[in-house]
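# Structure assessment
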Amino acid sequence: MTNIQVLPGLYQNGTGPGWKELVDGINGLKGVVIILGAPDTGKTTLAFYLSRELQLRGCNAAMVSADMGQCAFGPPATLGMSFLRGPTSLRDLEIHSMYFIGSTSPVGHLLQTTVGLKKLVEKAQGGDAEVVIIDTSGFIEGGAAWELKFQEIELVNARHVVALQRGQELEGILRPHEDRKCRTIHRLKIYEGIKPKSCERRRDYRRQKFSEYFQKATTKGIPLRAVRLINPLNILTGEGYGGLYKGLLVGLNDDENFTLGLGVIEDMGLKELRLLTPIEGVERVKLVRLGAIRLDENWYDSRVRQSQELGARD
Ligand SMILES: Nc1ncnc2c1ncn2[C@@H]1O[C@H](COP(=O)(O)OP(=O)(O)OP(=O)(O)O)[C@@H](O)[C@H]1O
Ligand SMILES: [Mg+2]
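This write-up is about the structure you can find in this document. All of these numbers come straight from a predicted model, not from anything done at the bench.

### A short note on the overall build of the chain
Secondary structure summary: the chain contains 8 helices and 14 strands in total. Burial analysis of the chain (314 residues in total) assigns 53% to the buried set. Taking all contacts inside the chain whose residues are at least 6 apart in sequence as the whole, residues at least 24 apart take part in 71%. When the accessible surface of the chain is totalled, it reaches about 14,800 Å², and 49% of it is carbon and sulfur.

Okay, structure coming up:
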């Protein structure tokens, strides 16, 4: 790999203590690497750094963004996978595969998050990635978060578990993986200069990502007979129900249930789903997954109270 040059400013965010040694450790023992940490601990910065450094050393690397809120790449409410090929910056990473979660938080979507992560890691490995670096969400507190992280680590069979912590906040999550031959735990200190982001800033970040994603979107129609709705609540469809769906975010998925793109529903009739989407070739859409958030005209997201608003039966 002599033709790859490091772009100036590639690591605008710098590196951190122990990062270079971590690259050596992963390079010597390749496999899946999962990065854990509370919000604002430098997970995404480290994930990209590792992916690039490993690629520069000639290793086939893929990065998976398993954070559907403050996603490293791709639109919010999805998980994404990118192969690192050639010089690039985090912003310019090309997304290879996407998996729709339908929410900007894993809360209430633990299964979708775990399944999506597994599918993306498999896709990366099927594309010959020797190392898959997973950037996770900052959801680490409480029983549900513990279970999510435990199952994710098990399911992807993480070779390296990297913990970015200020104090001891990840120790409970790390404990079941301690002293196991199949895992190596790396504890790293966080960069002290990180300024925590407020909820408003996080919301604005999502808004900006959605607005960029839908910038070139146009209204398109998908015949309902050509697709299957993934509709766990058996939400009613047909004339008169269109209003219930207005503004709902949906995943437009292919035959393998990977996401070709997102749509925002304008209307749902008996025969046709009309939505705003940037994707071309809607005939490739086989499955439409209904999300749990709506987007308003300014691209701000809000949660849908599914059982009441979307007509679920008791
Ligand atoms: N080692 C570092 N050196 C310099 N700046 C850093 C470093 N790590 C992170 N930062 C900066 O801190 C900020 C937060 O980092 P990052 O987005 O990687 O954290 P995160 O844990 O992924 O956050 P989130 O919870 O939003 O996902 C960014 O502006 C990043 O540039
Ligand atoms: Mg992040």
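### A word on helix H6 (residues 199–213)
If you check H6, its first and last C-alpha atoms are 21 Å apart, about what 15 residues at 1.5 Å a residue would give, namely 21 Å. All of the buried residues in H6 are Arg 202, Arg 206, Lys 209, Phe 210, Ser 211 and Tyr 213. In this structure, the buried residues of H6 make contact with strand S4 (97–100), strand S10 (248–253), strand S11 (259–268), strand S13 (287–295) and strand S14 (301–303).

### Quick word on unusual backbone geometry
We note that Asp 128 has phi near 75 degrees; this positive angle belongs to a residue other than glycine. Of note, Asp 128 is situated in the loop between helix H3 (110–126) and strand S5 (131–136). Overall, the relative accessible area of 55% leaves Asp 128 in the exposed class. Positive phi outside glycine occurs at Asp 179, with the angle close to 55 degrees. In this structure, Asp 179 sits in the loop between helix H5 (171–174) and strand S7 (184–189). Owing to a relative accessible area of 78%, Asp 179 belongs among the exposed residues under this scheme.

### Observations concerning the pairing of strand S12 (residues 272–277)
As paired elements, strand S8 (residues 218–223) and S12 share 6 bridges and run antiparallel to each other. Residue Gly 221 lies in a different strand from S12, and its bridge partner there is Arg 274. Relative to S12, S11 runs antiparallel, the two being bridged by 4 bridges. Within S12, the residue paired with Asp 267 across the bridge is Arg 274. Remark: 3 residues form the turn of the hairpin made by S11 and S12, two consecutive strands paired antiparallel.

### Remarks on the sheet that holds S5
On the basis of which strands lie adjacent, the open sheet formed by 7 strands has the order S4-S3-S2-S5-S1-S6-S7 and mixed pairing. For this open sheet the edge positions go to S4 and S7, each flanked by a neighbour on one side alone. Taking each pair of neighbouring strands and ignoring which way they run, the sheet shows an average axis angle of 15 degrees. Here strand S2 (residues 61–66) pairs with S5 via 6 bridges, running parallel. By the bridge assignment, Val 64 is partnered in S5 with Ile 134.

### Description of the packing of aromatic side chains
Considering all chains together, one arrives at 4 aromatic pairs under this definition. Both rings, one in Trp 146 and one in Phe 150, keep their centres 5.2 Å apart while their planes meet at 5 degrees; by these two values the pair is stacked. Of the two residues, Trp 146 and Phe 150 are both situated in helix H4 (residues 143–155); the distance of 4 residues between them amounts to about one turn of the helix. Judged by its relative accessible area of 32%, Trp 146 is partly exposed. Aromatic pair Tyr 213 and Phe 214: ring centres 5.0 Å apart, planes at 90 degrees, arrangement edge-to-face. Here Tyr 213 and Phe 214 have matching classes, each one buried. Grouped by ring-pair contacts, the aromatic residues Tyr 213, Phe 214 and Trp 299 constitute a single cluster. Cation over ring: Lys 119 sits above Phe 258, and NZ or CZ is 4.8 Å from the ring centre. Over the face of the ring belonging to Tyr 300 we find Arg 207, whose NZ or CZ atom lies 5.7 Å from the ring centre.

### Focus on the pattern of salt bridges
Going through the model one piece at a time under the given rule, you end up with 12 salt bridges. In this structure, the salt-bridge partner of Arg 183 is Glu 154, at a minimum N-O distance of 2.9 Å. A residue pair is termed long-range when its members are at least 10 positions apart, and Arg 183 in the loop between H5 and S7 and Glu 154 in helix H4 qualify at 29 residues. By relative accessible area, which is 29% here, Glu 154 ends up partly exposed. Note that Arg 187 and Glu 178 form a salt bridge whose closest N and O atoms lie 3.1 Å from each other. Taking relative accessible area as the criterion, Arg 187 reaches 39% and is therefore assigned partly exposed. One salt-bridge network, held together by shared partners, links Asp 40, Lys 197 and Arg 202.

Conventions adopted
- Residues numbered from 1 in each chain as written.
- Chains lettered and ligands numbered in written order.
- Predicted model: local features only at pLDDT ≥ 70, side-chain atom pairs only at ≥ 80, totals over all residues.
- Heavy atoms only, no water.
- Helix = DSSP H or I, 4+ residues; strand = E, 2+ residues; numbered from the N terminus.
- Buried < 20%, exposed > 50% of the residue type's maximum accessible area, 1.4 Å probe, protein only.
- Contact = heavy atoms within 4.5 Å.
- Areas by Shrake-Rupley, 256 points an atom, 1.4 Å probe, with all protein chains shown as cover.
- Expected span 1.5 Å × (residues − 1).
- Pairing = 2+ DSSP bridges.
- Axes fitted to C-alpha atoms, helices over the stretch in contact; angles between N-to-C directions.
- Phe/Tyr/Trp six-rings, centres within 6.5 Å; stacked < 30°, edge-to-face > 60°.
- Lys NZ or Arg CZ within 6 Å of the ring centre and 35° of its normal.
- Salt bridge = Lys/Arg side-chain N within 4 Å of Asp/Glu carboxyl O.

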